[in-house]
Amino acid sequence: MPKAQNSYEQILRDALEDVFVVAARQAMDTALLTAAFDVGRDAGPHNEHTLTVALRDSSIAVTADSIPHEWLSMGTGYIDTRFSKLIGRLLQDLEKKAQQIGRFM
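Criteria and cut-off values
Residues numbered from 1 in each chain as written. Predicted model: local features only at pLDDT ≥ 70, side-chain atom pairs only at ≥ 80, totals over all residues. Heavy atoms only, no water. Helix = DSSP H or I, 4+ residues; strand = E, 2+ residues; numbered from the N terminus. Expected span 1.5 Å × (residues − 1). Buried < 20%, exposed > 50% of the residue type's maximum accessible area, 1.4 Å probe, protein only. Pairing = 2+ DSSP bridges. Axes fitted to C-alpha atoms, helices over the stretch in contact; angles between N-to-C directions. Polar contact = N/O pair within 3.5 Å; in protein donor to acceptor, adjacent residues only side chain to side chain. Contact = heavy atoms within 4.5 Å. Phe/Tyr/Trp six-rings, centres within 6.5 Å; stacked < 30°, edge-to-face > 60°.

## Here we look at helix H2 (residues 81-100)
Thought 1: Here H2 is 20 residues long and its end C-alpha atoms lie 29 Å apart, about the 28 Å a rise of 1.5 Å per residue gives.
Thought 2: The set of residues buried in H2 consists of Phe83, Leu86, Ile87, Gly88, Leu90, Leu91, Leu94 and Ala98.
Thought 3: One or two steps after H2, the chain reaches glycine 102, where phi turns positive at roughly 85°.

In structure tokens, the structure reads:
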């Protein structure tokens with residue numbers, strides 16, 4: 001696998017970790033969540049991404065489209081503010097949907 005592809009995949013893995021970091025900061029049970037980039041798309045690379053966050057073992061999910069690749073960082077320990085805010089909004093939407101069916105995160 002070419003080095004550029006390895007870096008691309010590492011950036012996506014690190015960005016998925018960021019989803020769980022933001023969830024933990026919001027006192028959510030991260031074991032109840034799943035997250036994935038670009039569901040249903042080929043492996044990429046893509047300049048824009050789709051992020052899907054779901055409640056494990058349910059059909060409840062939220063999705064954000066058109067996330068610029070440059071919002072995602074690799075191994076810096078820093079979460080781009082725009083990406084962090086987007087994740088926060090997604091998690092709030094997911095939590096509302098979960099509460100509507102009596103599930104708590």
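## Details of the sheet that holds strand S2 (residues 48-55)
Adjacent strands of a sheet pair through backbone hydrogen bonds, lying either parallel or antiparallel.
Thought 1: The 3 strands lie next to each other as S1-S2-S3, forming an open sheet whose pairing is antiparallel. Two strands close off the open sheet at either side, each with one partner strand: strand S1 (33-37) and strand S3 (61-68). Across the sheet, the axes of successive neighbouring strands diverge by a mean angle of 15°, strand direction being ignored.
Thought 2: As paired strands, S1 and S2 are joined by 5 bridges and run antiparallel to one another. Looking at the pairing, phenylalanine 37 lines up with leucine 51 of S2.

## Let's talk about the side chain of threonine 52
Thought 1: Locating threonine 52 in the fold gives a position in strand S2.
Thought 2: Of note is the side chain of threonine 52, whose polar atom sits 3.3 Å from the side chain of threonine 63.
Thought 3: Setting aside residues up to four positions removed in sequence, threonine 52 forms contacts with Thr34, Ala35, Ala36, Val39, Ala61, Val62 and Thr63.

## A closer look at the packing of aromatic side chains
Thought 1: In the structure shown here, the tally under the stated rule is 1 aromatic pair.
Thought 2: Summarising the aromatic geometry, the rings of phenylalanine 37 and phenylalanine 83 are spaced 6.3 Å apart at their centres and angled 25° between planes, so their arrangement reads as stacked. Here phenylalanine 37, found in strand S1, pairs with phenylalanine 83, found in helix H2; they are 46 residues apart in sequence, far enough to count as distant.
Thought 3: What makes phenylalanine 37 buried here is its relative accessible area of 11%.

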